[in-house]
Amino acid sequence: MNKKWMATGVLGTLLMTGIAGYTYESAQPVEAKQKTKQAKVKNVIFMIPDGYSAAYATNYRWYQGGEETELDGHLKGMMRTYSANTKVTDSAAAGTAMATGTKTNNGTIGMDPSGKEVASILDRADQAGKATGLVSTSAITHATPAVFASHVATRANEADIAKQYMDEMKVDVLLGGGQKFFFDQKNGGVQEAGNLVKKAERAGYQYADSLESLNETDGRKVLGLFAEEGMAPELDRENTNQPSLATMTSKALQTLKKDRDGFFLMVEGSQIDWAGHAHDAAWAMKDAEAFHQAVEKVLRFAAKDKHTLVVVAGDHDTGGMSVGGYDEYVAKPEVLKNVKATGDEMVRQFNDDLSNIASVVKRETTFDLTAEEIQTLQKVDAKKRVMTLNEMISKRAYVGWTTAVHTGVDVPLYAYGPQSEQFSGLHENTDIPGLMANAMKLKK
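Residues numbered from 1 in each chain as written. Predicted model: local features only at pLDDT ≥ 70, side-chain atom pairs only at ≥ 80, totals over all residues. Heavy atoms only, no water.

Draft legend 1. Region of the structure containing unusual backbone geometry. The backbone of T366 shows a phi angle near 75 degrees, a positive value even though the residue is not glycine. Positionally, T366 belongs in the loop between α14 (357–365) and α15 (371–379). On the basis of relative accessible area, T366 is assigned to the partly exposed category, the value being 37%. Positive phi, close to 55 degrees, is recorded for Y398, a residue that is not glycine. Structurally, Y398 is set in the loop between α16 (385–396) and β10 (406–407). (Helix = DSSP H or I, 4+ residues; strand = E, 2+ residues; numbered from the N terminus. Buried < 20%, exposed > 50% of the residue type's maximum accessible area, 1.4 Å probe, protein only.)

Structural data, given as structure tokens:
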């Protein structure tokens, strides 16, 4: 029996015997299930809001005004997140499971716990002649994008990850941060293997390092690196010349759709996770908004195309965010809309004697800090100042936090398009790449 459907009692008997047009495998009508199976999937877009759990989804809904979000109507089920060696995963192990179907140990990229390399859904799409792409607001060599096209024992080996990208050249579109991992040392990077950007250009990639240069690309292969490491948070992006996640996603779709065989694209909203680590609720909501704007672009493309499967799932929860807290029956995440900068950016604006804390916070948030809060920020260790400020702001929104790392809770799983019903129910994270491969009819 399919472990995702363990019905009991009278309903279970009806379902298991096929009465009323149902089977024990699914609570979906047989006719609808057959139509879903027959639908042709040419493209798969896998969107990962890193660190995004049900608490983030709920807070974001209230942040946006309480109405249904772009994702709400496409909720199919939940996904388990644990890794091979712990109930609380990191992004490397979670990503490897979601990309390859193999559980591995925390910190490991594209390998099983014994160190054996494992193929990803992107590898299989490439072998089938499909175009491929990776988009991220972190460095493109960061854990989540890396698991789709590289194999290293530890996620910290980002220079090796970049080298593997450019040795294999199986990813047609790479958009994100991470310039330092592609340039050699004499050009300000860390790469010992030579200038990987020049290598990419010789191989036919168009290189972009700004919003303007990205807009000018029109080929079939694009390498876009818009920051030395991670890109700017969405709250602070207006101070840069970097493209938004939605813009990068649109460029990836525009480029990849030129391949008549179809494509596989992974899009990561990386900094929802970073905000959770920092307990910066406003940053988390603003980057969630940026991710939803990218989702809107993708859903519009898929609705028009009719042969595109869209799958969305966070890789884990970050920070143990709550909806409400502080011993009150109150939640006000909507107040975070008044925040105009991350906690990091606000603390950077503090002067050396910390005498301007109140004015900076007032200007960037509209909040008036109490005398006690100002004194706390002046006295706290400098390394803890950002998180201390973030927690003060979170408290005003009644957003709580339980940890500075990840938690092991299940996360929502969304899907849209042909074969999307295959994602209904409670899944292991290792189920996802197999379901996507089956939808595209990729060979093992």
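That covers the picture; the talk isn't over yet.
Draft legend 2. Examining the nonpolar core more closely. M47, L175, L265 and L336 are the most contacted members of the largest nonpolar core, which totals 70 residues. The dominant element in this core, judged by the number of residues it contributes, is helix α12 (residues 281–305), at 13 residues. Sequence-distant contacts of M47, defined by excluding residues within four places in its chain, comprise V267, F291, A294, V295, V298, V310, V311, V312 and A313. (Core = buried A, V, L, I, M, F, W, Y, C linked by side-chain atoms within 4.5 Å. Contact = heavy atoms within 4.5 Å.)

Draft legend 3. Highlighting the packing of aromatic side chains. By the definition in use, this model includes eight aromatic pairs. Each ring, one from F46 and one from F148, has its centre 6.2 Å from the other, and the planes form 80 degrees; the classification is edge-to-face. Remark: F148 occurs in the loop between α6 (143–146) and α7 (158–168) and F46 occurs in strand β1 (residues 43–49); sequence separation between them is 102 residues. Judged on exposure class, the residue F46 and its partner F148 are both buried. (Phe/Tyr/Trp six-rings, centres within 6.5 Å; stacked < 30°, edge-to-face > 60°.)

Draft legend 4. Seen up close, the pattern of salt bridges. In total, this model carries 18 salt bridges according to the counting rule given. Notably, a salt bridge pairs R348 with E345, separated by 3.2 Å at the nearest N-O pair. Linking R348 with E345, this pair stays in helix α13 (residues 343–349), spanning three residues, or about one helical turn. (Salt bridge = Lys/Arg side-chain N within 4 Å of Asp/Glu carboxyl O.)

Draft legend 5. Spotlight on the environment of H292. Here H292 lies in helix α12. Among the residues examined, H292 registers a relative accessible area of 1% and is labelled buried. For the pair H292 and H142, spaced 150 residues apart in sequence, the C-alpha separation works out to 21 Å. Once residues within four sequence positions are removed from consideration, H292 is found in contact with Y52, Y60, T69, E70 and L71. Here the side chain of H292 touches A288 through a polar contact of 2.8 Å, landing on its backbone oxygen. (Polar contact = N/O pair within 3.5 Å; in protein donor to acceptor, adjacent residues only side chain to side chain.)

Draft legend 6. Examining the confidence of the model for the chain more closely. Of the residues in the chain, 91% reach a pLDDT of 70 or more, and the chain-wide mean stands at 92. Low confidence marks residues 1–37, where pLDDT is under 50. Its contacts with residues over four positions away, or in another chain, come to 40 contacts. (pLDDT = per-residue confidence, 0-100.)

Draft legend 7. Region of the structure containing the sheet that holds strand β4 (residues 173–177). Read from one edge of the open sheet, 10 strands run β5-β6-β4-β3-β7-β1-β8-β11-β2-β12, paired in mixed fashion. Lying at the two open borders of the sheet, with one neighbouring strand each, are β5 (206–208) and β12 (425–428). Recorded for the sheet is a direction-independent mean angle of 15 degrees between the axes of neighbouring strands. Here β5 runs beside strand β6 (residues 222–225); their pairing, made up of three bridges, is parallel. Across the sheet, the residue bridging to Q206 is V222, located in β6. In the packing of helix α17 (residues 431–440) onto the sheet, the strands contacted are β1, β2 (75–80), β7 (263–269), β8 (308–313), β11 (411–416) and β12, and the crossing angle to β12 comes to about 105 degrees. (Pairing = 2+ DSSP bridges. Axes fitted to C-alpha atoms, helices over the stretch in contact; angles between N-to-C directions.)

Draft legend 8. Local environment of the side chain of E234. Note on placement: E234 falls in the loop between β6 and α10 (245–256). Within polar-contact distance, the side chain of E234 engages the side chain of R237 at 3.0 Å.

Draft legend 9. Main features of the packing of helix α11 (residues 271–278) against α12. At a closest axis distance of 8 Å, the pairing of α11 and α12 adopts a crossing angle of 170 degrees. By the angle between their axes, α11 is roughly antiparallel relative to α12. Contacts between α11 and α12 involve Q271, I272, W274, A275 and A278 on the former and, on the latter, W283, A284, D287, A288 and F291. Counted by class, the contact of α11 with α12 contains eight nonpolar, one polar and one charged residues. (Parallel < 35°, antiparallel > 145°, perpendicular 65-115°, else oblique. Nonpolar A, V, L, I, M, F, W, Y, C, P; charged D, E, K, R; others polar.)

Draft legend 10. Geometry of the environment of D317. Checked against the element boundaries, D317 lands in strand β9 (residues 317–318). For D317 and A252, which are 65 residues apart along the polypeptide, the C-alpha to C-alpha distance reads 27 Å. With residues near it in sequence (within four places) discarded, D317 still touches G51, S53, Y56, H406, T407, V409 and V411. Of note is the side chain of D317, whose polar atom sits 2.6 Å from the side chain of T407.

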